[in-house]
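Commentary on secondary and tertiary structure
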Amino acid sequence: MTAASQKPQLSLDARLGLDRYEIDAEQSHIAVDHDKCKTCTTRPCLVCCPAIVYRWTDERVAVAYENCLECGTCQIACDHGGRGAITWHIPAGGFGIAFRYG
Amino acid sequence: MERFDVIVVGAGPAGATAGRALAQAGLNVLVVERAATPGAKNVSGGLLYSRAVAEVYPEFWKHAPIERAIAAHQIVMLGEHTSTALDFRSAQAATPPFNAFSVLRAKLDPWLATQAEEAGASLISGVNVDALLVENGRVVGIQAGPDQIGADVVVVAEGTAGLLLKQAGLRGPHNPHDVSLGVKEVIALPPDVIEERFQCDAETGAAYTLVGSTGGVEGGGFIYTNKASLSVGVVVKIDSLYASGRHPHEILDAFKAHPLVQRLVRGGEVVEYSAQTVHRGGFHLATQLVGDGYVVAGSAARLLVNNVLTLRGMDFAITSAVEAAQAILQARFAGSYTAATLGNYVERLKATSIYQDWRTFKDAYGLMENPRLFSLYPDLAGEVLERLLTADTKPGSKALGALSEALKGKASWLTLSQDMLQIARGMVL
């Protein structure tokens, strides 16, 4: 098998682009206590999220909640490996990810 | 306040099954699902084991939207450039009552919800349950937006990520050591390509369980054949994941780049990317299943049998829901829904074979804490076989010598023996 026969891996953005979302433009379902993040030395949210919803930008955590796959990993990681700054809710009824295969 | 006999939170396998069983018994049942359509929030990283399911949904394979009957199981250890596999095929698993099916939840769950509705349960979708209504320590209903709805008993079947029990102070927080993250791709491939590549026919398929190639992160991978797609994913422990500093999709990429996996998914088109947390399912992690006015079923109750070779969540969910429904009917007969009267659920569950299996394999959970299982041994297996199978120009050695060479600097014989004993205790004895 040659390398040429392989399709390159999709970027994360391309993957997320395949998914269907009903985006709640009104409100984020993720709340972050930014003061806690400032003193956080580990920031596991930046690593663990499968959709990289959390990015460290301009000295604070930017939250791209519209990409959330609703696994709940960030809450668990932040509670135990971070500062307990994240409060993850389920999106308002009917909003968020809508898997077509699952 | 509007009232039902029973409110079920969640229309997954547990919720839909509980709703159906209670409606069949003539109760006034409301099933509340947060997704606009049942299944749209759900992801499977496992198989639907059929025996327990068929007791509840007789010959469901004739009606339910299942994908393929799994008649081939591959247990594979992935080394850096090697793969060492156990290839099991069973003609019996290809015929009724089968063993397991691959499923896609966005197809399966609506069917299950329809069974509940046809039995007479009311289903509302696209509605969040914001809180459990608790009065004097007793669950008396739900809060959904501005509406309060009362019930004699609430069946909590909200899944792993559900927050209701936590909010109500009825469960503690999840520990990242006990919960894994699964990331998965559905990769479209024509059925004839799947059938040729996985050596199966139009109705049957293969399941791969793979260890190694997760970059030392504790976990493993899976590949399941669907009708016209593959489900390909990795499942990694959350504490190990953040210690690794690697993004989940990068671990999936590395897994897919392994020569064996690459060959199996070749030419396919990724059509969906998904993620889901899964409880490790240790018997010792069993959570409180009943309280005054409520019962917990399915993965919300951390009911998962995982002995490395089989991962049983959906059938356990269905079984638990049936037992929960029976306990509720018994409590109804007694005219009270306290932790004591509903406690019959726990006794009923303990009498099921799946619960017995859960106990039987309780030592297997320790295996999943052993980092050498995910990093050292998959490579070691490949290295030993490579030494034995390669006709070198230098003198070789027998198996034990090859193992000794391969072990050098990586682990002692003592460590190896202890690990073998652990595997034996978990799986064999």
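A quick note: this is a predicted structure, and the numbers were derived from the prediction, not measured. (Residues numbered from 1 in each chain as written. Chains lettered and ligands numbered in written order. Predicted model: local features only at pLDDT ≥ 70, side-chain atom pairs only at ≥ 80, totals over all residues.)

**Concerning the overall build of chain A**
When helices and strands are tallied, chain A shows four helices and six strands. Going residue by residue from the N terminus, the α and β elements of chain A occur as α-β-β-α-α-β-β-α-β-β. Expressed as lengths along the three principal axes of its C-alpha atoms, the size of chain A is roughly 50 × 35 × 25 Å. Counting only residues that meet the buried cut, chain A has 41% of its 102 residues in that class. (Helix = DSSP H or I, 4+ residues; strand = E, 2+ residues; numbered from the N terminus. Buried ≥ 20, exposed ≤ 12 C-beta atoms within 10 Å, placed from the backbone.)

**So, helix α7 (residues 248–257) of chain B**
Each turn of an α-helix holds 3.6 residues, which means side chains three or four residues apart point in the same direction. Burial in α7 of chain B covers these residues: Pro248, His249, Ile251, Leu252, Phe255 and Lys256 of chain B. The arc that holds the buried residues of α7 of chain B, viewed along the axis, is 155 degrees, so those residues lie on one side. (Arc of directions from axis to C-beta.)

**Side note on unusual backbone geometry**
Of note, the bond from Pro96 of chain B into Pro97 of chain B is cis; its omega dihedral lies within 30 degrees of zero at 5 degrees. In this structure, Pro97 of chain B sits in the loop between β5 (83–89) and β6 (100–101). In the Ramachandran plot, Ile52 of chain A falls in the positive-phi region, its phi being about 40 degrees despite a non-glycine side chain. As for its position among the elements, Ile52 of chain A is in the loop between α3 (45–48) and β3 (54–57). Looking at Ile52 of chain A, the number of C-beta atoms within 10 Å reads 18, which means it is partly exposed. Phi at Asn136 of chain B takes a positive value of approximately 50 degrees, unusual for a residue other than glycine. As for its position among the elements, Asn136 of chain B is in the loop between β8 (131–135) and β9 (138–144). By C-beta crowding, Asn136 of chain B is classed as exposed, having 6 other C-beta atoms within 10 Å.

**A look at the interface of chain B and chain A**
Residue-level contacts link 45 residues of chain B with 35 residues of chain A. Elements with a contribution of two residues or more to the side of chain B that touches chain A: α3 (105–118), β11 (179–188), α6 (238–244), α7, α8 (259–265) and β15 (269–279) of chain B. Counting residues per element, the side of chain B that touches chain A draws most heavily on β15 of chain B, at eight residues. (Contact = placed C-beta atoms within 7 Å.)

**Quick look at the domain arrangement of chain B**
All names here are of chain B. Partitioning chain B into domains gives domain 1 (2–67 + 103–171 + 287–351), domain 2 (179–279) and domain 3 (366–428). A separation of 25 Å is found between the C-alpha centroids of domain 2 and domain 3. Contacts between the two partners involve six residues from domain 2, matched on the other side by six residues from domain 3. Taken together, the residues of the side of domain 2 that touches domain 3 break down into one nonpolar, four polar and one charged. (Domains from an automatic or database assignment. Nonpolar A, V, L, I, M, F, W, Y, C, P; charged D, E, K, R; others polar.)

**Here we look at the nonpolar core**
Soluble globular proteins tend to pack their nonpolar side chains together in the buried interior. All names here are of chain B. If you look at the biggest cluster of nonpolar residues, it comprises 163 residues, and the most contacted ones within it are Val155, Val295 and Ala297. Tallying contributions element by element places helix α9 (residues 314–334) first for this core, with eleven residues. Not counting chain neighbours up to four residues away, the residues in contact with Val155 comprise Val6, Val8, Val9, Gly15, Ala18, Val295, Ala297 and Ala324. (Core = buried A, V, L, I, M, F, W, Y, C linked by C-beta atoms within 7 Å.)

**Overview of the pairing of strand β4 (residues 60–63) of chain A**
In summary, the side chains of a regular strand alternate between the two faces of the sheet. Bridge analysis of β3 of chain A against β4 of chain A gives four bridges, and the strand direction is antiparallel. If you follow Arg55 of chain A over to β4 of chain A, its bridge partner there is Ala62 of chain A. (Pairing = 2+ DSSP bridges.)

**With respect to the packing of helix α1 (residues 13–24) of chain B against α9 of chain B**
Geometry of a packed helix pair, given as the angle between the helix axes and the separation of the axes. Residue and element names in this part refer to chain B. With their axes 8 Å apart at the nearest point, α1 and α9 run at an angle of 35 degrees to one another. Regarding α1 and α9, the two cross each other, and that crossing is right-handed. In this structure, α1 contributes Pro13, Ala14, Thr17, Ala18, Ala21 and Leu22 to the contact, and α9 contributes Met314, Ala317, Ile318, Ser320, Ala321, Val322, Ala324, Ala325 and Ile328. Classifying every residue of the contact of α1 with α9 gives 13 nonpolar, two polar and no charged. (Axes fitted to C-alpha atoms, helices over the stretch in contact; angles between N-to-C directions. Left-handed = near helix turned anticlockwise from the far one by under 90°.)

**Some words on the environment of Ser417 of chain B**
All names here are of chain B. Following the sequence through the fold, Ser417 ends up in helix α16 (residues 413–428). Look at Ser417 and you get exposed, because 10 C-beta atoms sit within 10 Å. Between the alpha carbons of Ser417 and Ala40 there is a distance of 46 Å; along the sequence they are 377 residues apart.

**Some thoughts on the confidence of the model for chain A**
Residue and element names in this part refer to chain A. Averaged over chain A, the pLDDT score is 92; the fraction of residues at 70 or greater is 93%. Of all secondary-structure elements in chain A, the lowest mean pLDDT belongs to helix α4 (residues 73–81), at 95, while strand β6 (residues 96–97) reaches the highest, 98. Predicted confidence for residues 1–5 stays below pLDDT 50, and this span has two contacts to residues more than four positions away or in other chains. (pLDDT = per-residue confidence, 0-100.)

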